[in-house]
Amino acid sequence: MKADEIQRRTKEAVDYLVESLKSGRSEVLVQYLAAMGRFHHYSFGNVMMIARQRPDATKVAGFRTWNSLGRFVNKGERGILILAPMVRRNREERDPLEEETVASNRQVLGFRAAYVFDVSQTGGNDLPHLTEVQGDVVGLRERLTGWLAEQAITVTHSIDIAPARGVSSGGRIALLPGLPAAEEFSTLVHEAAHELLHRGERRLETTKQIRETEAEAVAFAVCESLGLETGSASADYIQLWHGDARLLTASLEIVQRTSTQILGALYPSLQRMADKAEAQGSATSPPCACVPGD
């Protein structure tokens, strides 16, 4: 697949989002942000394409990956188009991958159309539960705090920041004491996003409103990935961009990268398992899963 075709398909997904926002359909943005959390091991372009084609998708994989898990694509289901890299291994073999995570010893030769299917399009064995997080944040705050410490970012509690729930200031995050556990975790992610995104030159290049919106979008994507309820990513998000598709796309790419970074810090082993499972399943099935003779 040529580069201009790749750009066109990604642009179509972004254009759909922009037009939806212009017409007041803010729920489309919420769907896109939710997709960032659910599919954080996919590239920004593929996340946008998945959200555009099947906004209710929760877990996607290729034909072979589902089969390896004891599940099979239902007859007549239409695949979700993504772009998979064609890579050259050390032994000079081409290998199409579902996921865009490519080992450092492989050379990307180009991209091809591939198809994945949502779990709702399959039947068979129950999926293994890789994480127990379903509205519970036990251990997550500590794990994120530890990772932030490795980035030279300290986390403390202070009553003096009230009524704010959290404040970040150049390598220091202060949280308001006494917050409910889930709210405290979401606030910590929000402030961590500020630390990762809004220091140095970029702080000077963005308005306070954009910085707050991006941090809240990161918190929404991370919490969505972990199954946590959040009231963020409201329609107010839309008002920032004033129809500027380029600004919106750039901001969403930054949100995608930052939420992926935080989720990888929270679940490094789970991230490796997800990447390995996706890389093992080559999406060679046709866009329509039909049995021979249909």
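Scroll up for the structure.
In short, a report on the structure. Think of each chain on its own: its residues are numbered from 1, step by step along the sequence as written. The model is predicted, so local features are restricted to residues of pLDDT at least 70 and side-chain atom pairs to those at 80 or more, both for listing and for counting; the totals for chains, interfaces and linings are taken over all residues. As a convention, hydrogens and water are excluded, and side-chain values are obtained from all of the structure's heavy atoms.

1. Things to note about unusual backbone geometry
Following A162, the chain continues to P163 via a peptide bond in cis, the omega torsion being 10°. Runs of E in the DSSP output that reach at least two residues are strands. Runs of H or I that reach at least four are helices, and both are numbered from the N terminus. Turning to its location among the elements, P163 is positioned in the loop between β8 (154–157) and β9 (166–168). Phi is positive for A152, which is not a glycine, with a value near 65°. One can find A152 in the loop between α5 (140–150) and β8. A simple rule labels every residue: compare its accessible area, found with a 1.4 Å probe on the protein chains alone, to the largest value its type can have, and call it buried under 20%, exposed over 50%, or partly exposed in between. The exposure class of A152 is exposed, given its relative accessible area of 61%.

2. Notes on the sheet that holds β8
Across the sheet, three strands lie side by side as β8-β10-β9; this open sheet has mixed pairing. The two strands at the open ends of the sheet, each matched to only one other strand, are β8 and β9. For this sheet, the mean angle separating the axes of adjacent strands, direction not counted, is 15°. Strands qualify as paired when DSSP identifies two bridges or more between them. Judged from the three bridges that link them, β9 and strand β10 (residues 172–175) form a sheet pairing that is antiparallel. Paired with G166 across the bridge in β10 is L175. We call two residues contacting when some pair of their heavy atoms lies within 4.5 Å. Note on method: axes are straight lines fitted to C-alpha atoms, helices fitted across the in-contact stretch only, with angles between N-to-C directions ranging 0 to 180 degrees. Its contacts with the sheet place α5 against β8 and β10, and it is angled at close to 130° to β8. The strands touched by helix α6 (residues 181–197) are β8, β9 and β10; relative to β10, the strand with the most contacts, the crossing angle is about 155°.

3. What about the pairing of β10?
As paired elements, β8 and β10 share four bridges and run parallel to each other. Bridged to V155 within β10 is I173. If you look at the hairpin formed by β9 and β10, you'll find three residues sitting between the two strands, and G170 has a positive phi there, around 55°.

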